[in-house]
Amino acid sequence: MYNTMIKGLCKFSNNVTAVALLRLMEQKNCKPDIFTYNTIIDSLCKDKLIDDAFKLFKEMVCNKSILPDVITYTSLICGLCKFGHWDEASKMLKQMEDENISPDVQTFNVLVDAFCKEGKVEEAEAVINIMIERGKAPDLVTYSSLIDGYCLQGEMIKSREIFDSITLRGLVPRIVTYSSLLNGYCKNLNIEKAMQMLREMTGKGLQPNVVTYSTMIQGLFKVGRCVDARKLFDEMYAQGQNPNECTYRIVLKGLCSNRQVEDALSLFHLIGDSRLNSDIVVYNILIDGAGKCGKVDIARVLFQGLIDKGLQLNVRTYNVMISGFCREGQLGKAKSLFLKMDESGCPPDNVTYRVFLQGCLKNQHYDDVEMLLQEMVDRGYSLDASTLSLFIDQIAAGSLNSCMLKLFGKLVPKELILVMELIFCR
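Residues numbered from 1 in each chain as written. Predicted model: local features only at pLDDT ≥ 70, side-chain atom pairs only at ≥ 80, totals over all residues. Heavy atoms only, no water.

Colleague: Help me understand the overall build of the protein in this model?
Modeller: If you tally the helices and strands in the protein, you get 25 helices and 0 strands. Principal-axis analysis of the C-alpha atoms gives the protein an extent of 75 × 55 × 50 Å. Within the protein, the proportion of its 426 residues that are buried is 46%. A separation of at least 24 residues holds for 58% of the contacts in the protein among residues at least 6 apart in sequence. In the form shown here, the protein has an accessible surface area of approximately 22,000 Å², with 53% of it arising from carbon and sulfur atoms. Side chains of the protein give 49 positive and 51 negative charges; the mean places of these two sets differ by 2 Å. (Helix = DSSP H or I, 4+ residues; strand = E, 2+ residues; numbered from the N terminus. Buried < 20%, exposed > 50% of the residue type's maximum accessible area, 1.4 Å probe, protein only. Contact = heavy atoms within 4.5 Å. Areas by Shrake-Rupley, 256 points an atom, 1.4 Å probe, with all protein chains shown as cover. Lys, Arg positive; Asp, Glu negative; His and termini not counted. Charge placed at Lys NZ, Arg CZ, Asp CG, Glu CD.)

Here it is, written out as structure tokens:
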């Protein structure tokens, strides 16, 4: 009974209550077993609470004399890989083998997936070779991870070769396998190939899920095929796949990025009273889209709507609104909002300073430029390439005074200052 309850709690990442129930078991003289500890350790590792997982592991082995098994080690190795702690993961793997516990397919899959996500596909291939040598047959999860890895490197031909080899190995590709390759094509903007994968999938009788549709819709928006993206969104509904929050964000951002702010707002209002109406990310997308399309009044209404609803503004919200004001030359409103950030408990970050600084430079508000530069120096911030380019133009035009130049010199590498001196002194 206790194990069933603990499994249910861990399924919903309720680790604190799960550990509390473990302690209650001990008080009731009901000894926890390897399943109990494995369930909680795995949940802690999935939630990146790796230190807590190792404390429980030590308690299990040293205090309770319960020997770990392949599931215990696999969970811990997975947790270490998530943090990129490769040396510790290798030590854990060696410790596992020293205790005559052989890694299973799941253990190897954890390593393959971790290497692929780090862009280390050669190391992932080496792990697969070791798997085969040890008589562990790679499964669909293994190959899906490898396809993902090559897709991240932009090696789509190699990804397709691995996909095609799956059937030759007696495996039948599932939704996740098709989705991996489709996602790779979309990220590399090869939308025709991605659409081909989608149709190939449905032709094999596989029903694309929300993730597959969302990925494809995002890819279509990225290449400006808004009509096709909307059609696919409608098809999604027709196939009984209800869009989730991520899907709506993708559609709203896609519409805004393609300067279809009115359509994005219509969809937003059509959704009605839902979690999206309280989603700060959605508001940020709409405010940013309106600002970039020169509809700063709409952006202001949305911004005020957030405040009226009592929602907590984040630094991104302020940044996109300040950017909208600067783009329209409304520096007074941008400055007013900038100064309110600290008062609101949301201090400006490096991006805020860069955005406002660019607005001030473009609109020749040099008094504010000096103030912003000084604050950036005090906060240890730096200039990005686009802000730097604006400064170089202003320096070439002789628009900056000696004080501003001195502050500017503190925000860029000394090597760049030397190069600029050589250029402008000619």
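Colleague: Before we go on, may I ask you to explain the packing of aromatic side chains in this structure?
Modeller: Within the structure shown, the criterion is met by 12 aromatic pairs. Ring geometry for Phe-233 versus Tyr-248: centroids 5.9 Å apart, planes at 75°, classification edge-to-face. In this pair, Phe-233 sits in helix α14 (residues 226-238) while Tyr-248 sits in helix α15 (residues 245-257), placing the two residues 15 residues apart along the sequence. Given the relative accessible area of 5%, Phe-233 is considered buried. Through a chain of ring-to-ring contacts, three or more aromatic side chains come together here, namely Phe-338, Tyr-353, Phe-356 and Tyr-381. (Phe/Tyr/Trp six-rings, centres within 6.5 Å; stacked < 30°, edge-to-face > 60°.)

Colleague: Just checking my understanding: could you explain helix α1 (residues 2-11) for this structure?
Modeller: Side chains three or four residues apart in an α-helix point the same way, a direct result of the helix having 3.6 residues per turn. For α1, the set of buried residues is Tyr-2, Asn-3, Ile-6, Leu-9 and Cys-10. In a view along the axis of α1, the buried residues occupy a sector of 125°, so they form one face of it. For α1, exposure combined with an orientation more than 90 degrees from the buried face picks out Thr-4, Lys-7 and Lys-11. Its buried side turned inward, α1 meets α2 (15-27) and α3 (34-46). Following α1 by one or two positions, Ser-13 adopts a phi angle in the positive range, close to 60°. (Arc of directions from axis to C-beta.)

Colleague: Before we go on, may I ask you to explain the environment of Cys-10 in this structure?
Modeller: As for its position among the elements, Cys-10 is in helix α1. With 29 residues separating them along the chain, Cys-10 and Thr-39 place their C-alpha atoms 7.1 Å apart. Once residues lying within four places of it in the same chain are set aside, the contact partners of Cys-10 are Asn-15, Ala-18, Thr-39, Ile-40 and Ser-43.

Colleague: It is not clear to me how helix α23 (residues 385-396) should be interpreted in this structure. Could you clarify?
Modeller: Helix length check: α23, at 12 residues, gives a terminal C-alpha distance of 16 Å against a target of 16 Å (1.5 Å per residue), a fit within 8%. Those residues of α23 that fall on the buried side of the exposure criterion are Thr-387, Leu-388, Leu-390, Phe-391, Gln-394 and Ile-395. Seen from one end, α23 has its buried residues packed into an arc of 160°, which puts them on one side. In α23, the exposed positions that point more than 90 degrees away from the buried face belong to Ala-385 and Ala-396. Taken from the residues just after α23, Gly-398 is the one with a positive phi, measuring 70°. (Expected span 1.5 Å × (residues − 1).)

Colleague: I'm lost on the pattern of salt bridges in this one. Help?
Modeller: One pass over the structure, following the stated rule, counts 18 salt bridges. Glu-26 is paired through a salt bridge with Arg-23; the nearest N and O atoms lie 3.4 Å apart. On the criterion of helical spacing, the pair formed by Glu-26 and Arg-23 is a turn pair, its members being 3 residues apart in helix α2. Measuring nitrogen to oxygen at the nearest pair gives 3.2 Å for the salt bridge that ties Lys-292 to Asp-288. Taken as a pair, Lys-292 and Asp-288 lie in helix α17 (residues 280-292) at a separation of 4 residues, close to a single helical turn. (Salt bridge = Lys/Arg side-chain N within 4 Å of Asp/Glu carboxyl O.)

Colleague: Please clarify how the environment of Ile-217 should be interpreted in this entry.
Modeller: Mapping Ile-217 onto the fold places it in helix α13 (residues 210-222). C-alpha of Ile-217 to C-alpha of Ala-229: the two residues are 12 residues apart in sequence and 4.9 Å apart in space. With sequence-adjacent residues up to four places away left out, Ile-217 is seen in contact with Ala-229, Leu-232, Phe-233, Met-236, Ile-250 and Val-251.

Colleague: How should I be thinking about the packing of helix α18 (residues 296-308) against helix α19 (residues 315-327) in this particular structure?
Modeller: Where α18 meets α19, the closest approach of the two axes is 10 Å, and the angle between their N-to-C directions is 155°. The angle between the axes of α18 and α19 places the two elements in the roughly antiparallel class. In this structure, α18 meets α19 at a crossing whose hand is left-handed. For the pair α18 and α19, the contacting residues are Val-296, Ala-299, Arg-300, Phe-303 and Leu-306 in the first and Thr-317, Tyr-318, Met-321, Gly-324 and Phe-325 in the second. (Axes fitted to C-alpha atoms, helices over the stretch in contact; angles between N-to-C directions. Parallel < 35°, antiparallel > 145°, perpendicular 65-115°, else oblique. Left-handed = near helix turned anticlockwise from the far one by under 90°.)

Colleague: Would you explain the side chain of Gln-358 in this entry?
Modeller: Here Gln-358 shows up in helix α21 (residues 350-362). Looking at Gln-358, its side chain comes within polar contact range of the side chain of Thr-387, at 2.9 Å. (Polar contact = N/O pair within 3.5 Å; in protein donor to acceptor, adjacent residues only side chain to side chain.)

Colleague: What should I look at first to understand the packing of helix α6 (residues 86-98) against helix α7 (residues 105-117) in this one?
Modeller: Relative placement of two packed helices is described by the angle separating their axes and the distance separating the axes. One way to put it is that α6 packs onto α7 with a least axis distance of 13 Å and a crossing angle of 165°. When the axes of α6 and α7 are compared, the pair comes out roughly antiparallel. In this structure, α6 meets α7 at a crossing whose hand is left-handed. Along the contact surface, α6 presents Trp-86, Leu-93 and Met-96, while α7 presents Thr-107, Leu-111, Ala-114 and Phe-115. The residue makeup of the contact of α6 with α7, split by class, is 6 nonpolar, 1 polar and no charged. (Nonpolar A, V, L, I, M, F, W, Y, C, P; charged D, E, K, R; others polar.)

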